[in-house]
Structure formats: structure tokens, C-alpha cells
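# Summary of the model geometry
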Amino acid sequence: MQETQEEKRSLYLRWRPARFQDVVGQKGPVRILKNSVKKGETSHAYLFAGPRGTGKTSVARILAKALNCENSQDGEPCNECESCKKIERGTVLDIVEIDGASNRGIDKIRELREEVNFAPAELKNKVYIIDEVHMLTNQAFNALLKTIEEPPDRVNFVFATTEPEKVPATIISRCQVFEFMEIARDEIKGRLREVASSEGVEITQEALDLVSSRARGSMRDGLVILEQIISYDSDGKVNREDLFELLGLTRGEVINEYSSALIHGKPKKALDVLEELEKRGKDPELFLDQVLEKFRTSIKETAESSELQNLVKLARGILDVSDDLKVSSNKRVTLEIRTLELLEGTLSGGVSQDSKPPEADIRDKDTQE
């Protein structure tokens, strides 16, 4: 991993992958792109689709370097030639990055259509990278379609999106499509350990477990959280309570109490937990994420049919509550009312209050505890 000399840049910027081999968790797309560059059989248009923070724009920049590298080896950019250095510095006119969210109108695409007809000014190939391409207007997509149908020589397009279903089929059909997946926790943890070591910071295993879990498949989010921890304590020696407060997480035993109250139909206990969360200023949406993760773990480990059905029913209910909170003007009241509705379903057709103790249903296996 090549690190820039701008020490004040954020950690995720300093540790952005500079070569295909540095990309974590996207072996399929990286292998195909690298081989296509090596063979000289690249497409004129690509669509990178996947969750945020999974490396779409980083891979697009690496591809731009590989297409223009003067000393490419096995499809990898050398990062040493003048072309690679210019692209890395962002000082070359032939690599154009467009934010589809803020440049979504037809005027920007018309400007692009005029530019593509000119030969590259400094490099072998022009590369246009349009991030969040699904945000373009219909008129902009129609204008773009004509350009990618018959692109000029030495011009490549890379479109990145978190919502591929919003990209017109006419655009998708003219692109090579690559799906970027959420990055596995172990892969995030490994990279964070590498980054912490290179930064000269000692990070505990518990901290790495919590950060990789909280990142939710996003390497960028993981690095941002790691930077918070480094700023909190330069040695990375943060105790368990500090970590939970820093990351806005709720302690595992509290998650267990709420989950147990739902399973065994105990309204007062559930409301007491929610009241305590309110006093502590916890984010209810993040709290429900942790509860859902707990149910997910329990579902995977439950063999008994009736227990499994009840857990699935509650997990589905938590998902609905989480959706309601996103649009609610009073999250606390919404969470309390929806919790009572979940409990009503439990008491009428779920597990009875005198069934197994909570330890049998909710196992303490989550890495956040």
C-alpha cells in the first residue's frame, strides 16, 4: 500500500488502494479488470455497482492508471511513471471525475459529449468516472446514451452506483457490469490491523472486533472509525466502556435484556430498557441494528422449529420498526409503540413467559459484547 506524504489527510484517503492487488474483498472484479488490461481487451464502458465504501471509485482510479501506465506489468499500474504520478496527484486533464449527485443535469453531459471528441491531451486514454450515476436525470441519461453507443477511440467510461436498479437498462446493456460486495468482517479486520501497525498504533483485538463489526461491510467506514479511536487514545488502549461510548454502541447485556423481553413478553422490562437508552442518548436506529444482529445470530444457531419461527417473526418486526424510525419525527415514541405492538404479537402467538430462560434463546456470541 502506497501512502501519500500529506500527513493531514484522513486515514481512509492515505490508505486508499493504489494497485489492484491492494483492493480488499473484491477478487472477482479485480481479477477480470487486471487481466483485461494485461491483454489489451478493455471495454469502453463499465458499471461498478455495490454498497458504499466497498472500493468502486478506488478501483475506477486504479483502472484509469492501468490504462495509461507507461510501464504496466501484468495489468498493474507501476505508480512510478509520469502518467501514474499525474493521475495520483489529480493534475491531469484526461482523467475526469464527475459527481452524479451534484452534476445530474443535461448541461454537464452535453459538455462531456463535446469534450470526448478531442484527443487526449497528456495521456494515452481519456477516462471519465461518474460516481452515483443513478442520480442523473432522464434527459442526461439520454444524452449520455448516444456517447457510449459510439464512443471515440481512446475514451473509457466508468460509472459507479449504489443503486443500479435506477440506472436505465439502455445504459446497463452497453456496459460491462461488475458487482462489488460488502467486505467480510475478517478482511476488514485484517486491513485495519495492517493500517494500525503501519501507523505505529497498538490496537487491541477487542477494538478491532468492534470496529470491523460496526463498519458493516464498508472499508471506508472501518478506517474512519479506526481514525476516531486513534485520535481518542494515541496508543489505541481504550477500555471496553470507552469503545462502546465512542462508537455509539449499546452494551451486549442491554441488547440481551431487550431481546429477552420481546421473546418472553415482558412489556415493562422492554420499556425500561428503552427509557435507559433515552437517558444515555443512544441512537435508536443503531440500537435496533445491534438487536437485529443478535436475532440473526440466534436464528443461525436455533434448531427447534417453534423457536425459529418466533425469532424470524421478531426479526422481521424489528426491520419494520427500523424503517419506521427513519421517517419518524419522534423516534422515542415510535420505538416504544412499535415495541408494544411486537410484544402484543408475542403474547398472542409467540413464546410464553414461562418458557425457556433467555440464555437458551439469545446466545452471547456477538463480537460487539
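Each residue is numbered by its place in its chain's sequence as written, counting from 1. It should be noted that, the model being predicted, local features are given only for residues of pLDDT at least 70 and side-chain atom pairs only at 80 or more, the latter also being counted only at that level, while totals for whole chains, interfaces and linings use all residues. Water and hydrogen atoms were dropped before computing side-chain values, which therefore reflect all heavy atoms in the structure.

## Observations concerning the packing of aromatic side chains
Convention followed: In this analysis, rings of Phe, Tyr and Trp, with Trp reduced to its six-membered ring, are considered paired at centre separations within 6.5 Å, and the interplanar angle assigns stacked below 30 degrees, edge-to-face beyond 60, and tilted for intermediate values. Between buried and exposed lies partly exposed: a residue is buried under 20% and exposed over 50% of the maximum accessible area for its type, with that area taken using a 1.4 Å probe on protein chains only.
Tallied over the full model, the rule gives seven aromatic pairs. Ring centres of Y46 and F48 lie 6.2 Å apart, and the angle between their planes is 50 degrees; this geometry places the pair in the tilted category. Y46 gets classed as buried once you look at its relative accessible area, which sits at 1%. A relative accessible area of 0% means that F48 is categorised as buried. Judged by centre distance (6.0 Å) and plane angle (25 degrees), the ring pair of F157 and F159 falls under stacked. Through successive ring pairs, a cluster of aromatic residues spans Y46, F48, F178 and F180.

## Thoughts on the side chain of S36
Applicable threshold: Here a strand is any run of E in DSSP of at least two residues, a helix any run of H or I of at least four, and the numbering for each starts at the N terminus. Under the rule applied, a polar contact is a pair of N or O atoms within 3.5 Å (in protein, one hydrogen donor and one hydrogen acceptor; residues adjacent in sequence only if both atoms are side-chain atoms).
Following the sequence through the fold, S36 ends up in helix 2 (residues 27-39). According to the relative accessible area criterion, S36 is buried, its value standing at 12%. Within the local environment of S36, its side chain forms a polar contact with the backbone oxygen of L33, the two atoms lying 2.7 Å apart.

## Considering helix 2
Inclusion rule: Working rule for helices: expected span equals 1.5 Å times residues minus one. What the arc describes is the spread of directions from the helix axis to the C-beta atoms. Should any heavy atoms of two residues lie within 4.5 Å, those residues are counted as being in contact.
Its 13 residues give helix 2 an end-to-end C-alpha distance of 18 Å, which sits within 8% of 18 Å, the value for a rise of 1.5 Å per residue. Residues of helix 2 that are buried include every one of P29, V30, L33, S36 and V37, and no others. Considered in projection along helix 2, the buried side chains sweep an arc of 135 degrees and stay on one side of the axis. Seen from the buried face of helix 2, the exposed residues on the opposite side, beyond 90 degrees, are K27, R31, K38 and K39. Buried residues in helix 2 make contact with strand 1 (45-49), helix 3 (56-68) and strand 5 (176-179). Phi turns positive, to about 70 degrees, at G40, one or two residues after helix 2.

## Some words on the sheet that holds strand 3 (residues 126-131)
Formally: The criterion for strand pairing is that DSSP finds at least two bridges linking the strands in question. The angle between two axes is taken between their N-to-C directions and runs from 0 to 180 degrees, where each axis is a line fitted to C-alpha atoms and a helix contributes only its stretch in contact.
Across the sheet, which stays open at both edges, the five strands sit in the order 2-3-4-1-5 with parallel pairing between neighbours. Single-partner strands in this sheet number two, and they are strand 2 (95-99) and strand 5. Between one strand axis and the next, the sheet turns through 15 degrees on average, direction left out of account. As paired strands, strand 2 and strand 3 are joined by five bridges and run parallel to one another. Counted as the bridge partner of I98 is I130 from strand 3. Sheet strands in contact with helix 5 (residues 106-115) are strand 2, strand 3 and strand 4 (155-161), and its direction is about 165 degrees off that of strand 3.

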